[in-house]
Amino acid sequence: MSKHPSSERTLVIIKPDGIQRSLIGEIISRYERIGLKLTAVKMLVPTADMIERHYTLDPEWRMKTGLKSIKGYTDKGLKPPSTDPLKVTEKILKVLVKYMTSGPVVAMIWQGAHAVQIVRKITGGTEPLTSDVGTIRGDYVLDSYSMSDADGRAIRNVIHASGSVNEAEDEIKHWFKENEINNYKIVSEQIIYNSDLDGILE
Ligand code: GDP
Ligand code: MG
């Protein structure tokens, strides 16, 4: 039997700038209020190795990110730092490691129907300059690739959120041990998911 959609999980990391901007509560409340369930949470200062492995869990990530970044430059009529996608990614990864190891982060697992897609929708697009208003990145950050690239640093976008169900499962294994994840019910799940509405009226 296939799993019910309500069992879908995603990994969210509040990045060091999110902690420094005192956005932990605000970010958690955004995911909480839509009806998702927090099943694991911890604060830690990641090691460089953890971050490098996190971004390269998908063996295609280096190539995809390099190509996307080169396209970003050429679409704006700018010259990319290199025409070799892997060289472009190497630079991105280096500054990402510096950013993500600069202070504590909060790693979390959120569970619920369409958790991956819903969290990405609430979080907003990767580049805050173009993230929709009303999303977390759109409301709280004003960074852009042009500014962060010119300043030789990673784009500050306060959150990491898994991009697909498979990526989420790989990332959850990378950040959490099985015994750190809580299996429990919240009462609101009854009204969100159950087809049986008995028990409301007295
Ligand atoms: P996310 O899933 O929305 O975080 O985006 P990706 O998985 O595509 O990229 C991960 C991280 O790599 C982003 O948070 C950025 O820090 C960095 N990154 C991705 N694409 C680009 C790009 O085109 N240019 C630059 N400078 N950094 C990028
Ligand atoms: Mg991603």
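Residues numbered from 1 in each chain as written. Chains lettered and ligands numbered in written order. Predicted model: local features only at pLDDT ≥ 70, side-chain atom pairs only at ≥ 80, totals over all residues. Heavy atoms only, no water.

1. Things to note about the layout of surface pockets
Space inside the largest pocket adds up to approximately 1,100 Å³. Residue lining of the largest pocket: 41 residues in total, with Trp61, Thr65, Lys68, Ile92 and Tyr145 positioned closest to the centre. When contributions to the lining of the largest pocket are tallied by element, the ones reaching two or more residues are helix H3 (48–55), helix H4 (61–75), helix H5 (85–100), helix H8 (145–150), strand S4 (159–161) and helix H9 (165–175). Classifying every residue of the lining of the largest pocket by side-chain character gives 17 nonpolar, 11 polar and 13 charged. The residues that make up the lining of the largest pocket include at least three from each of domain 1 (1–45 + 106–197) and domain 2 (47–102). Looking at the second largest pocket, it is lined by 18 residues, and the ones nearest its centre are Lys3, Ser7, Glu8, Arg9 and Gln111. Grouping the constituent residues of the lining of the second largest pocket by class yields four nonpolar, six polar and eight charged. (1 Å grid on protein atoms, 1.4 Å probe; cavity = no way out; pocket = protein on both sides within 12 Å on 5 of 7 lines; lining within 4 Å. Points joined across faces, edges and corners; volume = space filled by probe spheres on them. Helix = DSSP H or I, 4+ residues; strand = E, 2+ residues; numbered from the N terminus. Nonpolar A, V, L, I, M, F, W, Y, C, P; charged D, E, K, R; others polar. Domains from an automatic or database assignment.)

2. Brief notes about the domain arrangement of the chain
Frequently, the measure chosen for interface size is the accessible area removed from exposure when the parts meet. Under the domain assignment, the chain is made up of domain 1 (1–45 + 106–197) and domain 2 (47–102). For domain 1 versus domain 2, the separation of C-alpha centres amounts to 21 Å. Taken residue by residue, the interface counts 21 residues in domain 1 and 16 residues in domain 2. In this assembly, domain 1 packs against domain 2 so that about 1,500 Å² is buried in total across both faces, 64% of it on carbon and sulfur atoms. The interface formed by domain 1 and domain 2 contains five residue pairs in polar contact (both at pLDDT 80 or more). Elements supplying a minimum of two residues to the side of domain 1 that touches domain 2: strand S1 (9–14), helix H1 (16–20), H8 and H9. (Contact = heavy atoms within 4.5 Å. Buried area = accessible area lost by both parts, 1.4 Å probe. Polar contact = N/O pair within 3.5 Å; in protein donor to acceptor, adjacent residues only side chain to side chain.)

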